[in-house]
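A structural walkthrough
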Amino acid sequence: MPKRITPERRDDILDAALALLGEGGLAAVTTTALARRASCSKDTLYTLFENREAILAALVQRQADALNASLQPGAGDPTQALVQAGAQLLSLLTSPESLSINRAALADSSGTLSAILIAQGRDRSAPKIVSIIEKLRANGTIVVNDMQDAYQGFYGLLVGDLQIRALHGALSPLPDALECQARSRRAVQRFVTLFASDGLPLT
């Protein structure tokens with residue numbers, strides 16, 4: 001009977017994949033290198049993951065899961081919920097782990113990792129933020145017809161050029177939790193002003 005692979009062991013393997021990705025980009029993440037780094041057999045890797053793309057998808061999904069768990073709109077004040085969601089998103093986008101994954105994706109001419117990032121990351125987290133923005137519309141805080149336009153407006157106010165500077169190593173130190181919180185609060189204040197119910201609605 002095959003030995004059970006624990007969630008902790010799976011995380012160890014994903015941590016090893018992330019380390020390889022940061023050191024040598026996508027080309028460094030081979031089954032041979034990963035088995036050596038994670039001190040496991042290739043059989044163990046193939047038991048957990050069908051191929052390299054599955055490993056990369058699991059790596060991105062693990063980050064997305066942590067973010068999405070914090071993006072539940074709940075029943076509280078949607079303005080504060082949006083502040084918290086923005087802070088969590090900023091923290092993820094500028095984390096060393098996320099930067100390693102994004103740098104590798106930008107260097108991958110095949111577009112494989114970029115597609116995984118979009119599908120497992122942005123396409124899963126954006127709807128949760130949109131659902132918070134919809135609550136602001138429902139309670140009359142903002143007036144907007146196009147929710148994607150509203151989301152893009154908030155994202156631009158929140159992130160600006162922060163991620164680009166971080167990706168190019170021009171942001172040091174990286175923002176801590178307090179800075180992410182403060183930046184998110186400013187972004188929400190500007191967003192509400194931009195889409196204010198007593199102003200000109202943007203559609």
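Our structure is the block above this text.
First things first, this report covers the structure right here in the doc. Quantities reported herein were computed from a predicted structural model and do not represent experimental measurements.

Each value, and the rule that gives it
Residues numbered from 1 in each chain as written. Predicted model: local features only at pLDDT ≥ 70, side-chain atom pairs only at ≥ 80, totals over all residues. Heavy atoms only, no water. Helix = DSSP H or I, 4+ residues; strand = E, 2+ residues; numbered from the N terminus. Expected span 1.5 Å × (residues − 1). Contact = heavy atoms within 4.5 Å. Polar contact = N/O pair within 3.5 Å; in protein donor to acceptor, adjacent residues only side chain to side chain. Salt bridge = Lys/Arg side-chain N within 4 Å of Asp/Glu carboxyl O. Buried < 20%, exposed > 50% of the residue type's maximum accessible area, 1.4 Å probe, protein only. Phe/Tyr/Trp six-rings, centres within 6.5 Å; stacked < 30°, edge-to-face > 60°. Axes fitted to C-alpha atoms, helices over the stretch in contact; angles between N-to-C directions. Parallel < 35°, antiparallel > 145°, perpendicular 65-115°, else oblique. Left-handed = near helix turned anticlockwise from the far one by under 90°. Nonpolar A, V, L, I, M, F, W, Y, C, P; charged D, E, K, R; others polar.

**Quick word on helix 10 (residues 177-194)**
Over its 18 residues, helix 10 extends 25 Å from the first C-alpha to the last, a length consistent with the 26 Å expected when each residue adds 1.5 Å. Contact partners of the buried residues in helix 10: helix 5 (78-93), helix 7 (112-138) and helix 8 (147-159). Where helix 10 begins, the side chain of D176 points an oxygen toward the backbone nitrogen of L178, at a separation of 3.3 Å.

**A few points about the pattern of salt bridges**
A complete count under the given rule lists six salt bridges for this structure. As a salt-bridge pair, R62 and D15 come within 2.9 Å of each other at their nearest N and O atoms. Separated by 47 residues along the polypeptide, R62 in helix 4 (residues 52-69) and D15 in helix 1 (residues 7-24) bring together distant segments of the chain. Given the relative accessible area of 25%, R62 is considered partly exposed. Through salt bridges with shared partners, one network takes in D11, D15 and R62.

**Remarks on the environment of V192**
Considering the arrangement of structural elements, one finds V192 in helix 10. The spatial distance from the C-alpha of V192 to the C-alpha of V143 is 9.3 Å, given a sequence separation of 49 residues. When near neighbours in sequence (up to four residues on either side) are disregarded, V192 contacts T141 and I142.

**Description of the packing of aromatic side chains**
Using the criterion set out here, one finds three aromatic pairs in the structure. Considering the side-chain rings of Y151 and Y155, the 6.0 Å spacing of their centres and the 40° angle between planes classify their relative orientation as tilted. Taken together, the positions of Y151 and Y155, both in helix 8 and four residues apart, correspond to about one turn of that helix. A relative accessible area of 5% places Y151 in the buried class. The exposure class of Y155 is partly exposed, given its relative accessible area of 27%. An angle of 70° between the planes, with centres 5.7 Å apart, marks the rings of F154 and F191 as edge-to-face. Within this pair, whereas F154 is found in helix 8, its partner F191 is found in helix 10, the two being separated by 37 residues in sequence. Exposure remark for F191: the relative accessible area of 0% places this residue in the buried category.

**Side note on the packing of helix 5 against helix 7**
Close contact between helix 5 and helix 7 brings their axes to 9 Å; oriented N to C, the two are set at 155°. Here helix 5 lies roughly antiparallel to helix 7, going by the angle between them. At the point where helix 5 passes helix 7, the crossing takes the left-handed sense. Facing helix 5, whose interface residues are P78, T79, A81, L82, A85 and L89, helix 7 presents I129, I132, I133, K135 and L136. Class assignment for the residues of the contact of helix 5 with helix 7 results in nine nonpolar, one polar and one charged.

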